[in-house]
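If you want the building blocks of each chain, they are given just below.
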Amino acid sequence: MDIWLLFLNRNHGASQNTPEDNQNIDRDADAALSELKRLGAKRVFLAGASCGGSTAIIAGVRQALPIEGLIILSSPAQCGPHDAIPSVEKIKAPSMFVFSPGDYGGSIEKEVRKLYQASGAADKELIADESGYHGTDMYHKGEHGDALKSKLIDFVKKVFN
């Protein structure tokens, strides 16, 4: 049985106008992964956009579930007080890192490259999406969004079957 969980970090995305504290968003990912374990999950595939990817990396390594794969979209190496570098070094599963040049003036490309370089995965891919968009907007709004979405889905199917 496959269990899928999609969650949104507090004060990000649709909830970004709430007066929530951003300093503890890793607890959201911890709670989500704990719920997966409670429901009987035996392994996880981590994916996240922006700070969601950074916190998924950190929380994923802290949990006892084997990590089967990783997708990162526009994620910074450090999100607030949370540094994903020590955790991504421990992830050996196949990994895909996606950024768009020019996103946040080029700073996101540098951050994603830091995660890619620090990754402990032998099977890893770095993808530059030329859309200029950030996070999931790369495949929602980008000119080649459907192609990127297909690439992401194919990656998940290849790794997590």
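Position numbers for residues count from 1 along each chain, tracking the sequence in the order it is written. Side-chain atom pairs in this predicted model are given and counted only at pLDDT of 80 or more, local residue features only at pLDDT of at least 70, and totals for whole chains, interfaces and linings cover all residues. As a convention, hydrogens and water are excluded, and side-chain values are obtained from all of the structure's heavy atoms.

Side note on helix H4 (residues 107–118)
Then comes step 1: Only DSSP runs of H or I covering at least 4 residues are called helices, and only runs of E covering at least 2 are called strands; the numbering of each starts at the N terminus. One less than the number of residues in a helix, times 1.5 Å, gives the span that helix is expected to have. Between its terminal C-alpha atoms H4 stretches 17 Å, which fits the 16 Å expected from 12 residues at 1.5 Å a residue.
Then comes step 2: Every buried residue of H4 is accounted for by Ile108, Glu111, Val112, Leu115 and Ala118. Taken down its axis, H4 places every buried residue within 130° of arc, on the same side. What points out from H4, more than 90 degrees from its buried face, is the exposed set Lys110 and Gln117.
Then comes step 3: Contacts are residue-level and defined by heavy atoms, with any inter-residue pair within 4.5 Å sufficient. Buried residues in H4 make contact with helix H2 (51–62), strand E2 (67–73), strand E3 (78–79), helix H3 (85–88), strand E5 (95–99) and strand E6 (124–128). Burial classes: relative accessible area under 20% of the type maximum marks a residue as buried, over 50% as exposed, and values in between as partly exposed (1.4 Å probe, protein chains only). Working definition: the arc comes from the directions between the helix axis and the C-beta atoms, pointing outward to the latter.

What about the nonpolar core?
The tendency in soluble globular proteins is for nonpolar side chains to be buried as a group.
Then comes step 1: Residues belong to a common nonpolar core when they are buried Ala, Val, Leu, Ile, Met, Phe, Trp, Tyr or Cys residues joined through side-chain atoms within 4.5 Å. By size, the foremost hydrophobic cluster in this structure holds 24 residues, and its most contacted members are Ile57, Leu70, Val88, Phe97 and Leu115.
Then comes step 2: Of all the secondary structure elements, the ones that give two or more residues to this core are helix H1 (26–38), strand E1 (44–49), H2, E2, H3, E5 and H4.
Then comes step 3: Top element by residues in this core is H4. It accounts for four residues.
Then comes step 4: Apart from the residues lying within four places of it in its own chain, the contact partners of Leu115 are Ile57, Ile72, Ser75, Pro76, Ala77, Ala84, Ile85, Val88 and Phe97.
Then comes step 5: Core analysis: the second largest hydrophobic core is formed by 13 residues, Ile71, Val98, Met138 and Phe160 among them.

What to know about the pairing of E5
Then comes step 1: With five of five residues buried, E5 lies mostly within the body of the structure.
Then comes step 2: Residue alternation in E5 divides its side chains into two sets, Ser95, Phe97 and Phe99 and Met96 and Val98, and both sets are buried.
Then comes step 3: Pairing of E2 with E5 involves four bridges; the strand directions are parallel. Across the sheet, the residue bridging to Ile72 is Phe97, located in E5.
Then comes step 4: Paired strands, in this sense, are two strands between which DSSP finds at least two bridges. Pairing of E5 with E6, which is carried by five bridges, proceeds in the parallel orientation. Across the sheet, residue Phe97 finds its bridge partner in E6, namely Leu126.
Then comes step 5: Consider the strands pointing away from the viewer: the crossover is right-handed when the path from the first strand over the helix to the second runs clockwise. Since E5 and E6 lie parallel, the crossover through H4 that links them has a hand, and here it is right-handed.

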